[in-house]
Amino acid sequence: MRKKRINLTILLLLLLIALIFFFLPIQKAFTFTEYRTDHPAVYYLKLSEETEFQIRYVHSIFLSNVLETYQVVRGDNIKMLTMKYEDVGIGLPAYAEEGESLTVKDGVYTLTYDNRTIESFVLYVGDVDADLAFRYEQHEYDLKQHLTRGKSYLFRIERISLFQMMKGVNLSG
């Protein structure tokens, strides 16, 4: 009888440890979480040692290429590094503000941020046939194939659990 209790206690303890491990957020990931919805879907891409990533898109008005470069810093924050573009106008500045510098070479504007760090940003996936891609570790992920057009997503870096990974959608397949 005593041996059965010990075995049962060990079994329950192992089950508790497994449950904790299953729900404990341990994997750092880039996450795209549906914004302004009651039951948001989460899309993720596991984060490795590489800290730099890019978002490449075609500007919806000028139909020209834009490349934004970021870096993961201090835990889960995002440091804005540069934005490269070919036209100036809405969302594409013709001058640098405080804490920025702007250069133009061969018709390409490069806006460089001195030290701008953010926790997250909202990404709108337009319902137009224009590129929207996430670049990381020499791979490019077509966000229009994975995310729903016409919806907004909160982009951030966070730790997620095995349970969240099973519920979410892995962008790398």
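Report follows, based on the coordinates.

How each quantity is defined
- Residues numbered from 1 in each chain as written.
- Predicted model: local features only at pLDDT ≥ 70, side-chain atom pairs only at ≥ 80, totals over all residues.
- Heavy atoms only, no water.
- Helix = DSSP H or I, 4+ residues; strand = E, 2+ residues; numbered from the N terminus.
- Rg over C-alpha atoms; globule rule 2.2 N^0.38 Å.
- Buried < 20%, exposed > 50% of the residue type's maximum accessible area, 1.4 Å probe, protein only.
- Areas by Shrake-Rupley, 256 points an atom, 1.4 Å probe, with all protein chains shown as cover.
- Lys, Arg positive; Asp, Glu negative; His and termini not counted.
- Charge placed at Lys NZ, Arg CZ, Asp CG, Glu CD.
- Salt bridge = Lys/Arg side-chain N within 4 Å of Asp/Glu carboxyl O.
- Contact = heavy atoms within 4.5 Å.
- Pairing = 2+ DSSP bridges.
- Axes fitted to C-alpha atoms, helices over the stretch in contact; angles between N-to-C directions.

## A word on the overall build of the protein chain
Counting its regular elements, the protein chain contains three helices and 12 strands. Taken against the 2.2 N^0.38 rule, which gives 16 Å for 173 residues, the C-alpha radius of gyration of the protein chain at 21 Å runs more than 25% over that of a compact globule. When the backbone C-alpha atoms are referred to their principal axes, the protein chain occupies close to 80 × 35 × 30 Å. Within the protein chain, the fraction of its 173 residues that count as buried is 35%. With an accessible surface of roughly 11200 Å², the protein chain has 53% of that area assigned to carbon and sulfur atoms. Across the protein chain, the centroid of the 20 positively charged side chains sits 16 Å from that of the 22 negatively charged ones.

## Side note on the pattern of salt bridges
Per the counting criterion, the structure on display carries nine salt bridges. For Glu 140, the salt bridge identified is with Arg 135, shortest N-O distance 2.6 Å. The exposure class assigned to Glu 140 is partly exposed, which follows from its relative accessible area of 40%. Residue Arg 135 is classed as partly exposed on the basis of its relative accessible area, which comes to 28%. A network of salt bridges, in which partner residues are shared, links Arg 56, Asp 131, Arg 135 and Glu 140.

## Quick word on the side chain of His 59
Along the polypeptide, His 59 turns up in the loop between β3 (52-58) and β4 (65-73). Exposure remark for His 59: the relative accessible area of 8% places this residue in the buried category. With near-sequence residues (within four places) excluded, His 59 lies in contact with Ser 64, Val 66, Ile 90 and Leu 92.

## Observations regarding the sheet that holds strand β5 (residues 77-85)
Within the open sheet, the seven strands sit side by side as β6-β7-β5-β4-β3-β9-β10. Their pairing is antiparallel. Since the sheet does not close on itself, it has two edges, and those belong to β6 (100-105) and β10 (139-142), each with one partner. Strand-to-strand twist in this sheet, taken as the mean axis angle between neighbours without regard to direction, amounts to 20°. Both β5 and strand β7 (residues 108-118) contribute to a ladder of seven bridges, which runs antiparallel. Looking at the pairing, Lys 79 lines up with Thr 117 of β7.

Everything listed is a geometric property; what it means functionally is a separate question.
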